[in-house]
Amino acid sequence: MTRVVIVSAGLGNPSTTRLLADQLAAGVQRADGTASIEVVELRPLAHDVVDATLSGFAAPRLQHVIDQLAAADAVGFVTPVFQASYSGLFKSFVDVLEPDALIGKPVLLGATGGTARHSLAVEYAMRPLMAYLQAVPVPTGVFASPHDWSADGEGALTTRVDRAVGELMSLLGGAGTGRTRDDDIDLFSDTMLSISDPQRRP
């Protein structure tokens, strides 16, 4: 059985970051109905994360999450974007992981932001961090702006989620990322509508 753990670093309650994490979980479920999927929210663990950063020791419930990541076949990380990069909570959590915790592990990357102008944060902030940790992020990062939660953008978001999850399943199956030169998909056109066509904003 494939084990997937998706970590949400959302700070709000309710949180669009958690909504995106749930979308990724649903995508994994569609792709593999037998997969074991766990979505973990960091918000309730924020004090434990800070304490672990200061002391070097993880409290039991934080250690449980760390152990879940270590045992998972694949991991997903979803963070809100603040000041053009990932949240401090997300980075602090990554900082308390063992340096080798994610080596060779396939990873889904997702982010949320108040405007599609943040959409490349997945590429210039999250992906280099995963490279340093020697994880294997799938080619498609999933960013969700307010437009993507509207009726106009929902279908495009699902398309990007399924694309990323398909790449993850292909990696887990030993067939690479499943991407080819013949692929014809514009990952950002619908998201960018929230910039280029203000009338389409929810």
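This text follows the structure it describes.
Analysis parameters
- Residues numbered from 1 in each chain as written.
- Predicted model: local features only at pLDDT ≥ 70, side-chain atom pairs only at ≥ 80, totals over all residues.
- Heavy atoms only, no water.
- Helix = DSSP H or I, 4+ residues; strand = E, 2+ residues; numbered from the N terminus.
- Contact = heavy atoms within 4.5 Å.
- Areas by Shrake-Rupley, 256 points an atom, 1.4 Å probe, with all protein chains shown as cover.
- Salt bridge = Lys/Arg side-chain N within 4 Å of Asp/Glu carboxyl O.
- Buried < 20%, exposed > 50% of the residue type's maximum accessible area, 1.4 Å probe, protein only.
- Pairing = 2+ DSSP bridges.
- Right-handed = clockwise from strand over helix to strand, strands pointing away.
- Core = buried A, V, L, I, M, F, W, Y, C linked by side-chain atoms within 4.5 Å.
- Axes fitted to C-alpha atoms, helices over the stretch in contact; angles between N-to-C directions.
- Parallel < 35°, antiparallel > 145°, perpendicular 65-115°, else oblique.

## With respect to the overall build of the protein chain
Then comes step 1: Secondary structure summary: the protein chain contains seven helices and seven strands in total.
Then comes step 2: Of the contacts formed within the protein chain by residues at least 6 apart in sequence, a portion of 74% connects residues at least 24 apart.
Then comes step 3: In the form shown here, the protein chain has an accessible surface area of approximately 9600 Å², with 52% of it arising from carbon and sulfur atoms.

## Regarding the pattern of salt bridges
Then comes step 1: Enumeration according to the criterion identifies nine salt bridges in this entry.
Then comes step 2: Linking R61 and D48 is a salt bridge whose minimum nitrogen-to-oxygen distance equals 2.5 Å. Taken as a pair, R61 in helix α3 (residues 60-71) and D48 in helix α2 (residues 46-55) lie far apart in primary sequence, 13 residues in all.
Then comes step 3: Residue classification places D48 among the buried positions, given a relative accessible area of 12%.
Then comes step 4: Residues K91 and D95 are paired through a salt bridge, measuring 2.7 Å at the closest nitrogen-oxygen approach. Taken as a pair, K91 and D95 lie in helix α4 (residues 88-96) at a separation of four residues, close to a single helical turn.
Then comes step 5: Judged by its relative accessible area of 27%, K91 is partly exposed.
Then comes step 6: Connected via shared salt-bridge partners are R18, D22 and E41.

## Section: the pairing of strand β2 (residues 36-41)
Then comes step 1: As paired elements, strand β1 (residues 3-8) and β2 share six bridges and run parallel to each other. When the bridges of β2 are listed, I6 appears paired with V39.
Then comes step 2: Taken together, β1, helix α1 (residues 16-31) and β2 form a β-α-β motif whose crossover is right-handed.

## Observations concerning the nonpolar core
Then comes step 1: L62, L69, F77, F90, F93, L102 and M130 are the most contacted members of the largest nonpolar core, which has 34 residues in total.
Then comes step 2: Broken down by secondary-structure element, the contributors of at least two residues to this core are β1, α2, α3, β3 (74-82), α4, β5 (106-112) and α5 (121-132).
Then comes step 3: With residues up to four places along the chain from it excluded, the contact list for F90 reads A9, L42, F77, T79, M126, L129 and M130.
Then comes step 4: I6, A35, V78 and V165 belong to the second-largest nonpolar core, a separate cluster that totals 21 residues.

## A closer look at the packing of α4 against α5
Then comes step 1: For the pair α4 and α5, the least separation of the axes is 12 Å and the interaxial angle reads 0 degrees. On the basis of their axis angle, the class for α4 and α5 is roughly parallel. Listed contacts from α5 to F90, K91 and V94 of α4 are M126, L129 and M130.

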